Amino acid sequence: MNKIVVPIIFLVVASIAGVIFSVKGIRREPVELKPVEIREYEGSPLSSIKDFRENSIKGPQYVDIGSYKLKVTGLVKREKTFKYDEVIKRFKNYKKVLTLYCVEGWAVNILWEGVLVRDIILEAGVKDDAKTVIFHAVDGYTTSFPIEYIMDNDILLAYKMNDVILPPERGFPFQRVAEDEWGYKWIKWVKEIEVSDNVNYKGYWESRGFSNEGDLDKSFLENQ
Ligand SMILES: Nc1nc2c(c(=O)[nH]1)N[C@H]1C(S)=C(S)[C@@H](COP(=O)(O)O)O[C@H]1N2
Ligand SMILES: [Mo]
C-alpha cells in the first residue's frame, strides 16, 4: 500500500511546489500600455497627434495635475475653482472633428473631446457688464473672445485628442478648441477663464498685430 501512496503524495507535493516556484519565478517586465490614438472617425481620416509643430512662446509646459486648478474669475457671480477631474466629471462631455490651421501654413484635422466653455462659465454666473472672456495659460499666453461668441456657440475646452489625453506638448490639461479661428486662438495649458468688461483686450499675438477676431476666412493680420 505504502509503495503507491508515498510516491503519489511525493508527486502531489512536488507539483504544488513546482507551481508555486514557477509562478514566483516568473519575472517578466510589465508591459507598458500606451494609449492608442485613433486615426479615423466615422469613415474620415484624422491627422496624428504627432503632426503638430511645436511653436509655443515658451516651449512645452509640464503641468503637475495634483496641484492644478482651473479658475473662473472676474465679472462672475461666484468665482470658481475646479480640479482637473472635477471639470471632466461635472460637465457634459462632447466630441467633434475640427481642423487647427496655424498662420505658418500647416494644419491638423483632429477629433477633439472636452467640455463646453459655456457650461463652465454658467456655473460661475455672468454679471450684466460682462463683455469679454480672457483665457490665461500656464506659460503667460492669453487670448480673448467676445462673451456672446462663447455663450452662443459650442466651444470646447478639450482634454482629449484622437481619444488620447492631451500630451504635455499639446496643452495638457486643457486646450481651448476654437472652431473657424486661426491656431493662435487655440490656447493651450489653460489655467484661468476671466470674464471682463474690457472690449479692447488684446492677447499675446493679438497685441503683436494679429487680428483680434482671428476669423479663419479673413487674413490673420489686423489691418488686411
Ligand atoms: N499657451 C499657449 N497656447 C498656444 C500657443 C502658445 O504659445 N502658448 N501657441 C498657439 C499657436 S500660434 C498655435 S498655431 C497653436 C498650435 O498648437 P500646437 O503648439 O499644439 O501645435 O497653439 C496655440 N496655443
Ligand atoms: Mo500659430
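The present account deals with the structure reproduced in this document. (Residues numbered from 1 in each chain as written. Chains lettered and ligands numbered in written order. Predicted model: local features only at pLDDT ≥ 70, side-chain atom pairs only at ≥ 80, totals over all residues. Heavy atoms only, no water.)

### A word on the site of ligand 1
Taken together, 18 residues sit near ligand 1, with Ile57, Asp139, Arg170, Trp186 and Lys188 positioned nearest. Contacts to ligand 1 include Arg53, whose backbone N or O atom sits 2.9 Å from an oxygen atom. Residue composition of the shell around ligand 1, grouped by class: 11 nonpolar, three polar and four charged. (Near = heavy atom within 4 Å. Polar contact = N/O pair within 3.5 Å; in protein donor to acceptor, adjacent residues only side chain to side chain. Nonpolar A, V, L, I, M, F, W, Y, C, P; charged D, E, K, R; others polar.)

### Structural notes on the sheet that holds strand E12 (residues 190-196)
If you trace the five strands from one edge of the open sheet to the other, you get E4-E3-E12-E7-E8, paired in mixed fashion. At either margin of the open sheet sits one strand with a lone partner, and together these are strand E4 (80-82) and strand E8 (142-146). Adjacent strand axes in the sheet meet at a mean angle of 15°, parallel and antiparallel pairs treated alike. The sheet contact formed by strand E7 (residues 132-137) and E8 spans five bridges and is antiparallel. Across the sheet, Thr132 pairs through a bridge with Pro146, a residue of E8. (Pairing = 2+ DSSP bridges. Helix = DSSP H or I, 4+ residues; strand = E, 2+ residues; numbered from the N terminus. Axes fitted to C-alpha atoms, helices over the stretch in contact; angles between N-to-C directions.)

### Focus: the side chain of Ser211
Structurally, Ser211 is set in the segment after E12. We classify Ser211 as buried; its relative accessible area is 6%. A distance of 2.8 Å separates a polar side-chain atom of Ser211 from the backbone nitrogen of Gly214. (Buried < 20%, exposed > 50% of the residue type's maximum accessible area, 1.4 Å probe, protein only.)

### Quick notes on unusual backbone geometry
The omega angle of the peptide bond from Phe172 to Pro173 is 10°, so this bond is cis rather than trans. Relative to the assigned elements, Pro173 resides in the loop between strand E10 (164-165) and strand E11 (175-177). Even without glycine at this site, Asp180 takes up a positive phi of about 65°. Inspection of the secondary structure puts Asp180 in the loop between E11 and E12.

### Details of the packing of aromatic side chains
Enumeration over the complete set of coordinates arrives at 15 aromatic pairs. Measuring from centroid to centroid gives 6.4 Å for Phe52 and Trp106, while their planes differ by 70°, and the two rings are edge-to-face. Placement of the pair is Phe52 in the loop between strand E2 (44-45) and strand E3 (70-74) and Trp106 in the loop between strand E5 (93-101) and strand E6 (107-116), with a sequence separation of 54 residues. As far as burial versus exposure is concerned, Phe52 and Trp106 are alike and both buried. Considering the side-chain rings of Trp182 and Phe220, the 5.6 Å spacing of their centres and the 75° angle between planes classify their relative orientation as edge-to-face. Taken together, the residues Trp182 in the loop between E11 and E12 and Phe220 in the segment after E12 connect sequence positions 38 residues apart. Since its relative accessible area comes to 14%, Trp182 is described here as buried. Each member of the aromatic cluster is reached from another via a ring pair, and the members are Tyr141, Trp182, Tyr184, Tyr204, Trp205, Phe210 and Phe220. It is Arg176 that lies over the ring of Phe135; its NZ or CZ is 5.6 Å from the centre. One Lys or Arg, Lys185, reaches over the ring of Phe145 and ends 5.0 Å from the middle of that ring. (Phe/Tyr/Trp six-rings, centres within 6.5 Å; stacked < 30°, edge-to-face > 60°. Lys NZ or Arg CZ within 6 Å of the ring centre and 35° of its normal.)

### Brief notes about a positive patch on the surface
There is a patch of like positive charges on the surface, built from Lys69, Lys71, Lys83 and Lys191. Following the sequence through the fold, Lys71 ends up in strand E3. Look at Lys71 and you get partly exposed, because its relative accessible area is 39%. (Patch = residues over 30% accessible without salt bridge, like charges linked within 9 Å, V, L, I, M, F, W, Y side chains within 5 Å. Areas by Shrake-Rupley, 256 points an atom, 1.4 Å probe, with all protein chains shown as cover. Salt bridge = Lys/Arg side-chain N within 4 Å of Asp/Glu carboxyl O. Lys, Arg positive; Asp, Glu negative; His and termini not counted. Charge placed at Lys NZ, Arg CZ, Asp CG, Glu CD.)

As far as function goes, none of this settles anything; it's purely spatial.
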